[in-house]
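Residues per chain, in single letters:
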Amino acid sequence: MKLPVRLYARARDLAGADTVQIELEEGATIAMLRSALMEQCPQLQPVGSSLLFAVGTDYAAETQPLNAESQVTCFPPVSGG
Amino acid sequence: MKLPVRLYARARDLAGADTVQIELEEGATIAMLRSALMEQCPQLQPVGSSLLFAVGTDYAAETQPLNAESQVTCFPPVSGG
Amino acid sequence: MISLTHEEIDYHGLTESVRSDSCGAVLLFLGTVREMTGGRRTVALDYDAFPEMARAKMQELEDEARRRWPVHEVAIVHRLGRLELGDISVALAVSCPHRAECYEAGRWLIDTLKITVPVWKKENWDDGATEWVHPGVEAGTAPPAAEPGTDS
Amino acid sequence: MISLTHEEIDYHGLTESVRSDSCGAVLLFLGTVREMTGGRRTVALDYDAFPEMARAKMQELEDEARRRWPVHEVAIVHRLGRLELGDISVALAVSCPHRAECYEAGRWLIDTLKITVPVWKKENWDDGATEWVHPGVEAGTAPPAAEPGTDS
């Protein structure tokens, strides 16, 4: 499956794109998505290990499985307020 | 010396007066004033041991000596805010 | 900025007065007249003060807060007289470069104000009784008929 | 009441919205754009958000605060876009029957907001460099010439 992953803040700037398409097998986890993302966008290296993932509007654990409908977002630590 | 003692809040209500005149010897302390005040105004009994004293705009310790110019104020615990 | 007033408190102006480009945090505390206390219903509070000492003690609070924390500005207004339900009795605004120190300073200021500043409130209960609030002193409710005098 | 806005925050209206006869305490926190950070001078901040998730997380903060404390009302507004020095980036108002719980709830709300709500700020330093603020991540300043793109 091909999952669109929305990027925010410095991750978006480093990738040079609002969204990247990541090829994954059905049932792949967030951890597998992280690896695939870093391989496809090595320019994310400076923020790589700190990147957070959300599915829908909830933070996703590394073990969470994904499917073709998963709305995935990826961003570095937040700094609002 | 005769010292005017200003009263506030429930102390004023119990005494039925804004100010009471207390007869003291020169150099008498706040502790002595407290005793004299309770003797002269026994109706202050319900708040007696909790009464606070100020000389000028500062809280006064029990041992603080008084003179004829001392501006003494007496009140129960505060409850502003 | 320290003051006592018999008018409604303009807490918006008070808050504006402490804002600054040097600060990342502003904290405003409002004390308001609450209807229910210990199962009894309040209809109004009467606030009285020893005004000269109240102002002096409030100024000392500001001075001490500046010694303890990197406070940019402090503004405290206490209202006196008759207050109805929901009215603001005290407004306290403080600004600091960072938020942790702003919360600490703000909380210390209001906690200490309530112990040291000579202001007193008198409850006017809905059954017509009145009662001075004096923490640590056994309550002495004056029933409607035995009310010892008007509070002014 | 939870919201994101690109307009100036009306914190006075926000504070009025949480006042109640059932409360003795109202606390308002304002986050404002501070000029100096670590010896560097800021000229502006750009705030960006993942808006759907930011609103959801702010609502969860309100819900959790209500579970933990006897909160009467919570109102949180976060501003997005370009903010100048002194501008208000976030306003958080909370009301409770008593002041201790009001301070605890207010502090927990803003501390947790800064960890969980997906909003980010980008520093615009006075030397023309820009820098996303990502706590725990080594700073990656983009010098004026290498600015990777406009922030929108």
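Below is a short write-up of the structure. (Residues numbered from 1 in each chain as written. Chains lettered and ligands numbered in written order. Predicted model: local features only at pLDDT ≥ 70, side-chain atom pairs only at ≥ 80, totals over all residues. Heavy atoms only, no water.)

Section: the overall build of chain C
Let me state the cut-off plainly: Helical segments are the DSSP runs of H or I of at least four residues, strand segments are the runs of E of at least two, and each set is numbered from the N terminus. Relative accessibility thresholds used throughout: buried, under 20% of the residue-type maximum; exposed, over 50%; partly exposed, between the two (1.4 Å probe, protein chains only). The Shrake-Rupley method, run with a 1.4 Å probe, gives the accessible areas here. Residue values count only the displayed protein chains as cover. In this tally, Lys and Arg are treated as positive and Asp and Glu as negative; His is ignored, and so are the chain termini. Here the site of a charge means NZ on Lys, CZ on Arg, CG on Asp, or CD on Glu.
Each helix and strand counted, chain C has three helices and nine strands in total. Shown N-terminal to C-terminal, the secondary structure of chain C runs as helices and strands in the order β-α-β-β-β-α-β-β-β-α-β-β. The dimensions of chain C, computed from C-alpha atoms along their principal axes, are 55 × 25 × 25 Å. By the burial criterion, 56% of the 152 residues in chain C qualify as buried. Summing over all exposed atoms, chain C offers an accessible surface of approximately 6100 Å²; the carbon and sulfur share of this is 49%. Both charge centroids of chain C, one from 16 positive and one from 26 negative side chains, sit 4 Å from each other.

Quick look at the relation of the copies chain D and chain C
Convention followed: When the copies are superposed, the least-squares fit draws on C-alpha atoms of residues that have pLDDT of at least 70 in both. Whether two residues are in contact is decided by their heavy atoms: any pair within 4.5 Å suffices.
For the pair chain D and chain C, the best superposition has an RMSD of 0.0 Å and corresponds to a rotation of 180° with a translation of 0.0 Å parallel to the axis. Such values leave the two copies arranged in the relation of a two-fold axis. By C-alpha distance to the rotation axis, the residue of chain D lying nearest is leucine 28 of chain D, at 2.5 Å. Both copies present the same face, since 100% of the interface residues in chain D are matched by interface residues at the equivalent positions in chain C.

Here's the deal with the interface of chain D and chain A
In plain terms, the rule: Take the accessible area each of two parts loses on contact, using a 1.4 Å probe, and add the two losses: that sum is the buried area. A carboxyl oxygen of Asp or Glu within 4 Å of a side-chain nitrogen of Lys or Arg is what we treat as a salt bridge. We call two N or O atoms a polar contact when they sit within 3.5 Å, provided that within protein one can donate a hydrogen and the other can accept it, with sequence-adjacent residues counted only if both atoms are side-chain atoms.
Taken together, the contact between chain D and chain A spans 33 residues of the former and 22 residues of the latter. Around 2200 Å² of area is buried between chain D and chain A when both sides are counted, 57% of it from carbon and sulfur atoms. For the interface between chain D and chain A, the tally reads two salt bridges. Between arginine 12 of chain A and aspartate 48 of chain D there is a salt bridge whose closest N-O contact spans 2.9 Å. At the junction of chain D and chain A, the tally comes to 15 residue pairs in polar contact (both at pLDDT 80 or more). If you list the elements that add at least two residues to the side of chain D that touches chain A, you get β4 (40–49), α2 (51–68), β7 (88–96), α3 (99–116) and β8 (119–125) of chain D.

Notes on the nonpolar core
How we decide: Here, nonpolar core means buried Ala, Val, Leu, Ile, Met, Phe, Trp, Tyr and Cys residues that are tied together by side-chain atoms lying within 4.5 Å of each other.
The biggest cluster of nonpolar side chains holds 64 residues, and the ones touching the most others in it are Ile76, Val94 and Leu109 of chain C together with Ile76, Val94 and Leu109 of chain D. Residues Leu44, Val47, Ala60 and Leu66 of chain B belong to the second largest nonpolar core, which totals 25 residues.

Looking at the interface of chain D and chain C
For clarity, the threshold we go by: Charged residues are taken to be Asp, Glu, Lys and Arg, nonpolar residues to be Ala, Val, Leu, Ile, Met, Phe, Trp, Tyr, Cys and Pro, and polar residues to be all remaining types, Gly included.
Of the residues lining the interface, 36 residues belong to chain D; the matching set on chain C comes to 36 residues. Between chain D and chain C we count two salt bridges in total. On inspection of chain D and its partner chain C, the count reaches 23 residue pairs in polar contact (both at pLDDT 80 or more). Elements with a contribution of two residues or more to the side of chain D that touches chain C: α1 (11–18), β2 (25–32) and α3 of chain D. Element by element, the count of residues in the side of chain D that touches chain C is highest for α3 of chain D, at nine residues. By residue class, the composition of the side of chain D that touches chain C is 15 nonpolar, ten polar and eleven charged.

Structural notes on the environment of valine 78 of chain A
With respect to the helices, strands and loops of the structure, valine 78 of chain A is situated in the segment after β5 (72–75). Separated by 53 residues in sequence, valine 78 of chain A and glutamate 25 of chain A have C-alpha atoms that sit 29 Å apart. Sequence-distant contacts of valine 78 of chain A, defined by excluding residues within four places in its chain, comprise Tyr59 of chain A together with Lys114, Ile115, Thr116, Val117, Pro118, Val119, Trp120 and Pro135 of chain D.

Some thoughts on the packing of α2 of chain D against α3 of chain D
Residues and elements named next belong to chain D. Put simply, the rule is: Whenever a helix is involved, its axis is fitted only over the stretch in contact; in every case the axis is a line through C-alpha atoms, and angles between N-to-C directions fall within 0 to 180 degrees. Crossings are classed by handedness, with left-handed meaning an anticlockwise turn of the near helix from the far one by less than a right angle and right-handed meaning a clockwise turn.
At a closest axis distance of 10 Å, the pairing of α2 and α3 adopts a crossing angle of 145°. Our pair here, α2 against α3, has a crossing hand that is right-handed. Here α2 contributes Lys57, Leu61, Glu62, Glu64, Ala65 and Arg68 to the contact with α3, which in turn contributes Trp108, Leu109, Thr112, Leu113 and Thr116. Of the residues assigned to the contact of α2 with α3, the class counts are five nonpolar, two polar and four charged.

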